[in-house]
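# What the coordinates show
Okay, here's what each chain looks like letter by letter:
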Amino acid sequence: MQTEKFYYDNKIVRNFAYASILFGLIGMTVGLLVALQLVFPQLNFGIPFTTYGRIRPLHTNAVIFAFVGNGIFAGVYYSLQRLCKTRMFSDTLSKINFWGWQIIILAAAVSLPLGLTTGKEYAELEWPIDIAITLIWVVFGWNMFGTILKRRERHLYVAIWFYIATFVTVAVLHLVNSFELPINFFKSYSWYAGVQDALVQWWYGHNAVAFFLTTPYLGLMYYFVPKAANRPVYSYRLSIVHFWALIFLYIWAGPHHLLYTSLPDWAQSLGVVFSVMLIAPSWGGMINGLLTLRGVWDKVREDVILKFFVVAITAYGMSTFEGPMLSLKNVNAIAHFTDWIVAHVHVGALGWNGFLTFGMLYWLFPRLFGKELYSKKLANFHFWIGTLGILFYAIPLYWAGITQSLMWKEFTADGFLKYPNFLETVTQILPMYAMRSIGGALYLTGVIVMTYNLLKTAASGKLIANEEAEAPALTKQVAVHKGEHWHRWIERRPTQLMILSLVVILIGGAIELIPTFLVKSNIPTIASVKPYTPLELQGRDLYVREGCYTCHSQMVRPFRSETERYGEYSKAGEFVYDHPFQWGSKRTGPDLHRVGNKYPDSWHYNHMLEPSSMSPGSIMPSYPWLLDDELDISTTPAKIRAMQTLGVPYPEGYDQIANKDLQHQADSVVKNLADAGIKTVSNKEIIALIAYLQRLGMDIKSNKEVVTN
Amino acid sequence: MSVLVILISISLIVALGFLTSFIWSVRSGQYDDDYTPSVRMLFDDKEQELQNQDLKNK
């Protein structure tokens with residue numbers, strides 16, 4: 001059999017690796033800043049662009065999609081070429097994939113601090129960026145499938161299956177969750193409302209963890225761990241079995257993020273059952289990874305790359321054990337809304353994703369540049385300081401989460417809340433927040449050391465941009481005639497045809513079905529629940545813009561400790577006009593669903609100007625710009641029309657008179673403030689925000705007897 | 001809660017797609033040999049050279 005000579009493209013791998021390092025540094029630095037802001041609120045600097053609610057999404061998006069995302073591409077582009085014994089399908093597509101992804105990241109880095117957000121966690125980017133993500137993702141898939149089709153190795157190694165599952169599922173998740181109605185270039189409303197929005201969002205959110213942070217990394221594990229250990233994987237059969245089990249189970253687990261909320265019970269239970277089952281395939285992967293090192297544990301002592309891998313796989317095992325446990329309703333009742341969850345995801349993020357990436361980079365750089373690693377000592381230092389960082393990060397937060405949750409739930413012998421002031425439960429855990437920042441700083445230090453080490457390695461060698469390889473050809477290529485009709489090209493390829501038509505059908509079906517389905521079901525089930533007034537709607541958009549949901553939930557769970565503290569528990573019917581839902585997932589501050597009418601307007605005014613003036617010791621940032629900036633009411637008619645399209649029953653032609661109502665309500669808020677001795681004018685942003693906060697939860701608060709579900 | 005219908009049907013379509021590819025992969029003999037692939041991936045020409053270099057350095 002004739003062997004063919006070809007070249008692996010290493011340049012694209014290097015580019016993605018550099019991008020991953022750069023955005024890792026940035027994303028983690030922002031992470032450290034938001035961690036410190038919780039201890040020292042002054043670090044919000046009193047300006048919008050650096051305030052917690054805006055840059056916490058910047059941190060999560062940067063580490064997930066920029067650091068890990070580029071890490072995935074680097075690993076996939078390296079291993080796929082070698083596993084398929086061919087160069088990537090198209091260098092042009094590789095380049096578009098690379099630069100497109102970096103431009104998306106840049107757009108995110110600019111738009112998030114500006115407050116341009118959809119208000120849905122891990123899917124905050126606005127609609128133009130969503131479209132760009134879709135396009136670039138398709139380019140990635142095109143390039144990957146092209147490479148697979150022209151492979152010189154008939155068998156698809158298990159890692160490739162993980163990559164395929166990643167591509168397909170992320171595409172579907174992103175499309176479904178990003179279904180939104182644009183108002184203008186910078187603003188859109190989620191097509192779904194309330195409970196439905198929450199379900200779609202966490203179906204997406206959970207599967208983002210599954211198919212962006214887990215399956216691609218398992219693929220990378222199956223390539224780089226055997227390579228680094230120079231051992232075949234412990235059981236290839238197990239790898240196949242756990243792959244198929246994992247992808248069939250993962251997609252049903254999302255509702256475990258919504259336990260005890262207004263989501264129907266059966267959907268919650270479905271999520272729990274699948275989450276518990278997930279432990280089997282997850283641990284299948286973990287065991288397979290660790291046992292690959294059987295017989296070479298002596299090498300683990302010597303080889304820093306293997307050390308990184310061992311900790312990464314162990315962290316994967318721990319967080320996938322913890323996940324099913326947290327999905328049990330009784331555990332979730334304690335852990336949800338607390339720092340326990342933050343600790344849980346960071347064991348996965350810092351341990352599994354971080355350490356696997358670092359191990360991979362330390363393995364890749366000497367091979368890309370044809371030189372030994374610059375310093376093994378520094379790499380060892382990175383390993384130890386990183387491991388310490390994870391411990392210092394996670395342990396205090398577990399402690400903080402459990403402590404705070406127990407304080408929330410504690411009653412006195414007389415049946416009153418022992419800690420009725422929420423703030424008390426926050427100041428209690430501030431020392432743990434401080435320790436967590438130290439953990440984060442240690443971890444970041446390690447990454448800085450790694451950057452130096454890798455750059456030195458790169459500088460000492462020369463990039464082997466095109467690595468020569470040889471392999472026998474697999475099948476003969478079909479000859480292409482020039483100038484033929486493009487459709488002939490597709491007809492010759494039944495697989496592509498099928499995939500393309502499936503995609504088209506999916507998109508077409510979704511566009512047709514989703515609006516009809518959803519608009520109908522948004523008909524209110526509680527008679528007293530009315531659409532937001534124009535001023536409240538504008539205020540709500542400010543609430544979304546400032547990222548209030550990153551610290552405040554709007555979901556009172558049906559526990560006595562919560563109904564005592566906040567009021568009547570939340571009902572599904574109360575959220576039918578919420579595009580997007582703002583239930584939140586973390587209570588750094590108290591729940592706000594029943595905050596309406598709890599405080600006078602003047603309280604909110606002073607509180608937004610300087611939170612500690614109303615609650616001494618508060619760690620909430622101050623929002624002075626809301627008091628100065630003028631509300632943009634030119635968008636009101638467009639917003640009302642959009643809401644009508646989404647099925648919110650404003651009267652016909654209301655968009656034309658909405659601003660009159662808005663002005664009227666704003667004047668009454670100004671009058672309330674004037675009565676309390678505060679002089680302001682009605683066109684400030686704060687007025688709209690106050691109107692929204694005062695409306696929250698009021699529809700059934702003032703009208704309890706109408707509650708039916 | 002009609003969105004459940006959408007989510008479940010989309011999830012089912014994805015699952016069916018995976019099922020199809022699973023059946024394809026079994027039928028086309030992808031899994032007839034569940035040992036060799038794990039060893040084969042370890043052999044890259046350049047890789048061997050580097051490993052040998054490592055040994056020489058020691």
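The coordinates are above.
Definitions and cut-offs
- Residue positions are given per chain, counting from 1 as you read along its sequence in written order.
- By the order in which they are written, chains take letters starting at A while ligands take numbers starting at 1.
- In keeping with the predicted nature of the model, local features appear solely for residues at pLDDT of at least 70, side-chain atom pairs appear and are counted solely at 80 or more, and the whole-chain, interface and lining totals rest on all residues.
- Only hydrogens and water are set aside when side-chain values are computed; all heavy atoms of the structure are taken into account.
- The helix count covers DSSP runs of H or I at least four residues long, the strand count covers runs of E at least two residues long, and both are numbered beginning at the N terminus.
- Accessibility here uses a 1.4 Å probe with only protein chains present; expressed as a share of the type maximum, an area under 20% marks a residue as buried, one over 50% as exposed, and anything in between as partly exposed.
- Two residues qualify as a contact provided that any one of their heavy atoms is within 4.5 Å of a heavy atom in the partner residue.
- Note on areas: Shrake-Rupley with a 1.4 Å probe; residue coverage comes only from the protein chains shown.
- Under the counting rule used here, the positive set is Lys and Arg, the negative set is Asp and Glu, and His together with the chain ends is not counted.
- Lys charges are placed at NZ, Arg charges at CZ, Asp charges at CG and Glu charges at CD.
- Put simply, a nonpolar core is a bunch of buried Ala, Val, Leu, Ile, Met, Phe, Trp, Tyr and Cys residues held in one set by side-chain atoms that sit within 4.5 Å of each other.
- Between N-to-C directions, angles cover 0 to 180 degrees, with each direction set by a line fitted to C-alpha atoms, over the stretch in contact for helices.
- Here the word oblique covers every angle except those under 35 degrees (roughly parallel), over 145 (roughly antiparallel) and from 65 to 115 (roughly perpendicular).
- Each residue is assigned to one of three groups, with Ala, Val, Leu, Ile, Met, Phe, Trp, Tyr, Cys and Pro labelled nonpolar, Asp, Glu, Lys and Arg labelled charged, and all others, Gly among them, labelled polar.
- Two rings from Phe, Tyr or Trp (for Trp, the six-membered ring) form a pair when their centres are within 6.5 Å of each other. A pair whose planes differ by under 30 degrees is stacked, one over 60 is edge-to-face, and the rest are tilted.
- Ring-over charges, as used throughout, are those where CZ of Arg or NZ of Lys falls within 6 Å of the ring centre and within 35 degrees of the ring normal.
- Here the expected length of a helix is defined as 1.5 Å per residue gap, with one fewer gap than residues.
- Across the chain, bend at a residue is computed as the angle between axes fitted to the seven residues ending at that point and the seven starting from it.
- Think of a polar contact as two N or O atoms within 3.5 Å of one another; within protein, one of them needs to be a possible hydrogen donor and the other a possible acceptor, and neighboring residues in sequence only count if both atoms come from side chains.
- Should DSSP find at least two bridges between two strands, the strands are taken to pair.

### A few points about the overall build of chain A
On a plain count of helices and strands, chain A comes out with 27 helices and four strands. Each principal axis of the C-alpha distribution contributes one length, and for chain A these read about 90 × 60 × 45 Å. Counting only residues that meet the buried cut, chain A has 62% of its 709 residues in that class. Relative to all contacts within chain A whose residues are 6 or more apart in sequence, the contacts with residues 24 or more apart total 82%. Carbon and sulfur atoms provide 67% of the accessible area of chain A, an area that totals close to 27400 Å². Between the centroid of the 58 positive side chains of chain A and the centroid of its 49 negative side chains there is a distance of 11 Å.

### Notes on the side chain of A:Lys639
Along the chain, A:Lys639 turns up in helix H24 (residues 636-645). Apart from the residues lying within four places of it in its own chain, the contact partners of A:Lys639 are A:Ile183, A:Tyr189, A:Leu537, A:Gln538 and A:Asp541.

### Observations regarding the nonpolar core
Residues and elements named next belong to chain A. Ranked by size, the top nonpolar core spans 219 residues in total, and within it Trp101, Phe212 and Phe358 carry the most contacts. No other element matches helix H6 (residues 194-229), which puts 22 residues into this core. The residues contacting tryptophan 101, other than those within four sequence positions of it, are Phe65, Gly69, Asn70, Phe73, Ile96, Ile133, Ile136, Trp137 and Phe212.

### What about the packing of helix H19 (residues 534-545) of chain A against helix H26 (residues 685-695) of chain A?
All names here are of chain A. The interhelical angle for the contact between H19 and H26, taken along N-to-C directions, is 100 degrees, at an axis separation of 7 Å. By the angle class used here, H19 and H26 are roughly perpendicular. Across the interface between the two elements, Leu535, Glu536, Gln538, Gly539, Arg540, Leu542, Tyr543 and Arg545 of H19 pack against Glu685, Ile687, Ala688, Leu689, Ala691, Tyr692, Leu693 and Arg695 of H26. Partitioning the contact of H19 with H26 into residue classes produces nine nonpolar, two polar and five charged.

### Topic: the packing of aromatic side chains
Residues and elements named next belong to chain A. Throughout the structure, instances matching the rule amount to 61 aromatic pairs over all chains. For the ring pair phenylalanine 358 and tyrosine 443, a centre distance of 5.8 Å and an interplane angle of 45 degrees mean the geometry is tilted. With a gap of 85 residues between them, phenylalanine 358 in helix H13 (residues 339-369) and tyrosine 443 in helix H16 (residues 430-460) connect regions that are remote in the sequence. Assessed through its relative accessible area of 0%, phenylalanine 358 is described here as buried. The lysine or arginine in question, lysine 409, covers the ring of phenylalanine 559, its NZ or CZ lying 4.2 Å from the ring centre. A cation sits over an aromatic face here: lysine 571 above tyrosine 569, 3.8 Å from the ring centre.

### Examining H13(A)
All names here are of chain A. With 31 residues, H13 extends 42 Å from end C-alpha to end C-alpha; this agrees with the ideal 45 Å at 1.5 Å per step. For H13, the principal kink sits at glycine 354 and spans about 30 degrees. The buried fraction of H13 amounts to 28 of the 31 residues, a majority that puts the element mostly inside the structure. The N-capping residue of H13, defined by a side-chain oxygen 3.1 Å from the backbone nitrogen of tryptophan 340, is threonine 338.

### Considerations on the pairing of strand S2 (residues 180-184) of chain A
Residues and elements named next belong to chain A. By the bridge criterion, four bridges tie S2 to strand S3 (residues 187-190) in an arrangement that is antiparallel. Across the sheet, residue glutamate 180 finds its bridge partner in S3, namely serine 190. Where S2 hands over to S3, the hairpin turn is made up of two residues, counted between the paired strands.

The values reported here are purely geometric and, on their own, carry no functional implication.
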